[in-house]
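Close look at the chain arrangement
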Amino acid sequence: MSKVIVVTSGKGGVGKTTTSASFAAGLANRGHRTVVIDFDIGLRNLDLVMGCERRVVYDFVNVINDEATLKQALIRDKSDNNLHILPASQTRDKDAFTEEKVGKVIDELREDFDYIVCDSPAGIEKGALMALFYADEALIVTNPEISSVRDSDRILGMLSAKSQRAIQGEEPIKEHLVVTRYSPNRAESGEMLSLDDIQELLGIDLIGVIPESEAVLQASNSGVPVIRDEQSKSGQAYQDMVARFLGEDIPMRFLEAEKKGFLKRFFGA
Amino acid sequence: MSIFDYFKRKPTKATAAIAKERLHIVMAHEHRVANGPDYLPALRRELMEVITKYVQIQREDIKVNLERHGDCEILELNIALPEEGKETKEKIAAR
Ligand SMILES: Nc1ncnc2c1ncn2[C@@H]1O[C@H](COP(=O)(O)OP(=O)(O)OP(=O)(O)O)[C@@H](O)[C@H]1O
Ligand SMILES: [Mg+2]
């Protein structure tokens, strides 16, 4: 049985696309046929993060409008045959999405893929609603920051009220918390919400903590999902997250503040 | 540990506890609104229309509140009339 997973947050710029790319690449790397869909109509970005921007010919909206077949629009990842990308269109065509049309594409993808990862746009409008509508599971991407937590809470409300599972009274969407851009030092000093705070406020289980890291920017600069940077902490944290998603029991890493040396503490850094 | 202990340790920076407290309050409020019946905003608007035929009041003078006590839901309407600051309180008990 294939699974649809939405990567969502409400708030913009918290790391949905970064997480979608690495999560999908991680699942594919473990042998699962995976497709990642960019739902951010008009603001295509997943193609850049995945490094396939020059190979985009057709997009999601073309498929929805029957201007191209899925086969024509899907882009195979350059280094992993198990991984495919369905890019968003660059033109704003708000009315392209209907539940029925998106549902048809999802159903077709279910035949060929084990995992269908939906990279949601920010906000709580149509695009975000469509990205979560058919979800079986959800990754709630949250920064340790007050407005991000509140927006995640709003999105949790939408998952439990506006999704297909909710409307049809089926088993609810399985929700997982992903805290990104986490800075242990700042959490420890009490200037940033801690993991315990965020979990307590949102009431869902933590599946991954991705530390704030330079490597994320470098990875997106070069068009390689950061999960493939095995040296980096954020890459390793995404590896752990994928393993947990697949049922492995792995302790969280990179949660401890680095002990500052005397000079650093003295001069601040 | 109280908020004040945080402040003692790091006078300007330990604001996470404040953030958490504020989130608790605002999220609890938003859950109540989200879980309330859909007709509350419309009810409030229509009440407003009827009342302004007789007295001038502002939107915020009408408070519509739904509370649950076990099986029983209580719809509380609180309308502050402008003149002598008089208040009319009406309680309608629904199922
Ligand atoms: N763990 C991290 N460490 C450092 N920078 C990060 C991290 N995660 C994401 N970023 C950076 O944050 C920015 C936003 O990331 P991303 O595009 O993934 O967010 P998004 O939620 O998809 O945004 P949007 O809502 O606009 O779609 C990017 O510049 C990205 O490089
Ligand atoms: Mg994005």
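See the structure above.
**Topic: the packing of aromatic side chains**
In this description, an aromatic ring pair is defined by two values, namely the gap between the centres and the angle between the planes. All names here are of chain A. If you walk through the whole model with that rule in mind, you get six aromatic pairs over all chains. Measuring from ring centre to ring centre gives 5.4 Å for Phe60 and Phe97, while their planes differ by 55 degrees; the resulting arrangement is tilted. Here Phe97 lies in the loop between strand 4 (83-86) and helix 5 (99-112) and Phe60 lies in helix 3 (residues 60-64), a separation of 37 residues in the sequence. For the pair Phe60 and Phe97, one class covers both residues: buried.

**Some remarks on a negative patch on the surface**
Side chains of Asp107, Glu108, Glu111 and Asp112 of chain A sit close together on the surface and give a patch of like negative charge. Checked against the element boundaries, Asp107 of chain A lands in helix 5.

**Some words on the packing of helix 6 (residues 126-133) of chain A against helix 7 (residues 146-162) of chain A**
All names here are of chain A. Orientation of helix 6 relative to helix 7, taken along the N-to-C sense of each, is 60 degrees, at an axis distance of 10 Å. Judged by the angle between their axes, helix 6 and helix 7 are oblique. Judged by the sense of rotation from one axis to the other, the crossing of helix 6 with helix 7 is right-handed. Contacts from Leu129, Leu132 and Phe133 in helix 6 reach Met158, Leu159 and Lys162 in helix 7. Grouping the constituent residues of the contact of helix 6 with helix 7 by class yields five nonpolar, no polar and one charged.

**With respect to the interface of chain A and chain B**
With 15 residues of chain A at the interface, the matching set in chain B holds 16 residues. On the chain A side of the interface with chain B, the three residues burying the most area are Ile146, Arg150 and Leu201 of chain A, jointly 38% of the side's total. One salt bridge in this structure joins Glu30 of chain B and Arg150 of chain A, with 2.7 Å as the shortest N-O distance. Between the two partners, chain A and chain B, sit seven residue pairs in polar contact (both at pLDDT 80 or more). Elements represented by at least two residues in the side of chain A that touches chain B include exactly helix 7 and helix 10 (195-202) of chain A. Among the elements that line the side of chain A that touches chain B, the one with the most residues is helix 7 of chain A, at five residues.

**Focus: the side chain of Ser120 of chain A**
Residue and element names in this part refer to chain A. Along the polypeptide, Ser120 turns up in the loop between strand 5 (115-119) and helix 6. Residue class for Ser120 comes out buried when judged on its relative accessible area of 2%. When near neighbours in sequence (up to four residues on either side) are disregarded, Ser120 contacts Val6, Val7, Thr8, Lys16, Phe39, Ala128 and Ala131.

**Details of the site of ligand 1**
All names here are of chain A. Residues in contact with ligand 1 amount to 15 residues; listed here are only the nearest, Gly13, Lys16, Thr17, Thr18 and Ser213. The contact in question runs from an oxygen atom of ligand 1 to an N or O atom on the side chain of Lys16, over 2.8 Å. Taking Pro211, its main chain carries an N or O atom lying 3.1 Å from a nitrogen atom of ligand 1. The fraction of the free accessible surface of ligand 1 (630 Å²) that becomes covered by protein chains is 78%. Those elements giving two or more residues to the shell around ligand 1 turn out to be helix 1 (16-29) and strand 8 (205-211). Of the residues belonging to the shell around ligand 1, the class tally is five nonpolar, six polar and four charged.

About the criteria used
Residues numbered from 1 in each chain as written. Chains lettered and ligands numbered in written order. Predicted model: local features only at pLDDT ≥ 70, side-chain atom pairs only at ≥ 80, totals over all residues. Heavy atoms only, no water. Phe/Tyr/Trp six-rings, centres within 6.5 Å; stacked < 30°, edge-to-face > 60°. Helix = DSSP H or I, 4+ residues; strand = E, 2+ residues; numbered from the N terminus. Buried < 20%, exposed > 50% of the residue type's maximum accessible area, 1.4 Å probe, protein only. Patch = residues over 30% accessible without salt bridge, like charges linked within 9 Å, V, L, I, M, F, W, Y side chains within 5 Å. Areas by Shrake-Rupley, 256 points an atom, 1.4 Å probe, with all protein chains shown as cover. Salt bridge = Lys/Arg side-chain N within 4 Å of Asp/Glu carboxyl O. Lys, Arg positive; Asp, Glu negative; His and termini not counted. Charge placed at Lys NZ, Arg CZ, Asp CG, Glu CD. Axes fitted to C-alpha atoms, helices over the stretch in contact; angles between N-to-C directions. Parallel < 35°, antiparallel > 145°, perpendicular 65-115°, else oblique. Left-handed = near helix turned anticlockwise from the far one by under 90°. Contact = heavy atoms within 4.5 Å. Nonpolar A, V, L, I, M, F, W, Y, C, P; charged D, E, K, R; others polar. Buried area = accessible area lost by both parts, 1.4 Å probe. Polar contact = N/O pair within 3.5 Å; in protein donor to acceptor, adjacent residues only side chain to side chain. Near = heavy atom within 4 Å.

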